[in-house]
Amino acid sequence: MQKANNKWGANKLILVLIAAGLCLLAACFLVARFLETGRINPLVLLTVAAIISIALPMLRSNFFPSAKDCTAEYDFHDKRLAEQIRQQIDHEFGPSTLNQLFGQSDRWQDAANHCLQLLETDKVRNNATLRFGLLLTLARFCEQSGDPHQSIQHLKKALAIQPQHFIANFRLAMNYEWVNRGYDAIRHYQQSLKDPDGISRAMEKLVTAQIARIQTNGK
């Protein structure tokens, strides 16, 4: 399964490269053609500029992502996962439970206690995906209340369900950094690279940078 996903990720990368290359070739062809005729229509110039403005960012973001690109993409994946978990909680327990967990942003402990109660229900025990999502949510509440040690425990339980999940491993690694356990942080950053759904070049670069920073700092 992982090999198939990696192959699909590589194929997508190749398709992006081909598409961007074709866009640049088309732009170059149009410019060369109109230079030969000695006439350049302003509309054509706008078309060429549009093609280049699409192709160059595609090439840069896929093959040379900046640190800002990496951070922005991680935030996107993290927020998307959080929203998926909220939708699942809403579907399984209804809007009242959703409001109890997320309605008051300054009452993390109350939300954490309610999350713990949900984890003890049969519905959650019998639904691994739901349990995984609630454990990630509980870990977030602990982080927001300044308790990385408890967050670590919940994330470890979540990873017992999905051991190679990118976001869960990345967050656990950040918590280990928080408590100055660099070796464990590196181990989970490395584990995050094995996500069976595959990760982008930007996420690979972000993980590599995190590991290099820990190794440089010697923590």
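Residues numbered from 1 in each chain as written. Predicted model: local features only at pLDDT ≥ 70, side-chain atom pairs only at ≥ 80, totals over all residues. Heavy atoms only, no water.

1. Describing the confidence of the model for the protein chain
One rule of thumb: low pLDDT means the predicted coordinates there are not for detailed reading.
Moving on, step 1. On average, residues of the protein chain carry a pLDDT of 81, and 68% of them reach 70 or more.
Moving on, step 2. A low-confidence stretch, residues 1-10 stays under pLDDT 50, and its non-local contacts, those more than four residues away or across chains, total 6 contacts. (pLDDT = per-residue confidence, 0-100. Contact = heavy atoms within 4.5 Å.)

2. Regarding the packing of helix H5 (residues 108-119) against helix H7 (residues 128-144)
Moving on, step 1. One way to put it is that H5 packs onto H7 with a least axis distance of 9 Å and a crossing angle of 160 degrees. Considered as vectors, H5 and H7 are oriented roughly antiparallel to each other. Where H5 crosses over H7, the handedness of that crossing is left-handed. Residues Trp-108, Ala-111, Ala-112, Cys-115, Leu-116, Leu-118 and Leu-119 of H5 pack against Arg-131, Leu-134, Leu-135, Leu-138, Phe-141 and Gln-144 of H7.
Moving on, step 2. Residue composition of the contact of H5 with H7, by class: 11 nonpolar, 1 polar and 1 charged. (Axes fitted to C-alpha atoms, helices over the stretch in contact; angles between N-to-C directions. Helix = DSSP H or I, 4+ residues; strand = E, 2+ residues; numbered from the N terminus. Parallel < 35°, antiparallel > 145°, perpendicular 65-115°, else oblique. Left-handed = near helix turned anticlockwise from the far one by under 90°. Nonpolar A, V, L, I, M, F, W, Y, C, P; charged D, E, K, R; others polar.)

3. Structural notes on the packing of aromatic side chains
Moving on, step 1. For the structure on display, the rule yields 5 aromatic pairs.
Moving on, step 2. Aromatic side chains Tyr-74 and Phe-166 sit 6.3 Å apart centroid to centroid with 65 degrees between the ring planes, which places their arrangement in the edge-to-face category. Taken together, the positions of Tyr-74 in helix H3 (residues 67-93) and Phe-166 in helix H9 (residues 166-178) put the pair 92 residues apart, joining distant regions of the chain.
Moving on, step 3. On the accessibility criterion, Phe-166 (6% relative accessible area) is buried. (Phe/Tyr/Trp six-rings, centres within 6.5 Å; stacked < 30°, edge-to-face > 60°. Buried < 20%, exposed > 50% of the residue type's maximum accessible area, 1.4 Å probe, protein only.)

4. Things to note about the pattern of salt bridges
Moving on, step 1. Applying the stated criterion across every chain, the model contains 8 salt bridges.
Moving on, step 2. With a closest N to O distance of 2.8 Å, Asp-78 and Arg-140 form a salt bridge. In this pair, Asp-78 sits in helix H3 while Arg-140 sits in helix H7, placing the two residues 62 residues apart along the sequence.
Moving on, step 3. We classify Arg-140 as partly exposed; its relative accessible area is 23%.
Moving on, step 4. When salt bridges with common partners are traced through the structure, they connect Asp-78, Arg-140, Glu-143 and Arg-171 into a single cluster. (Salt bridge = Lys/Arg side-chain N within 4 Å of Asp/Glu carboxyl O.)

5. Description of the state of the cysteines
Where two cysteines share a covalent bond between their sulfur atoms, that bond is called a disulfide.
Moving on, step 1. Counted according to the given criterion, the structure contains 0 disulfides.
Moving on, step 2. Cysteine Cys-115 shares no disulfide, and the gap to the nearest cysteine sulfur, in Cys-142, comes to 8.9 Å.
Moving on, step 3. Using a relative accessible area of 0% as the deciding quantity, one classes Cys-115 as buried. (Disulfide = S-S within 2.5 Å.)

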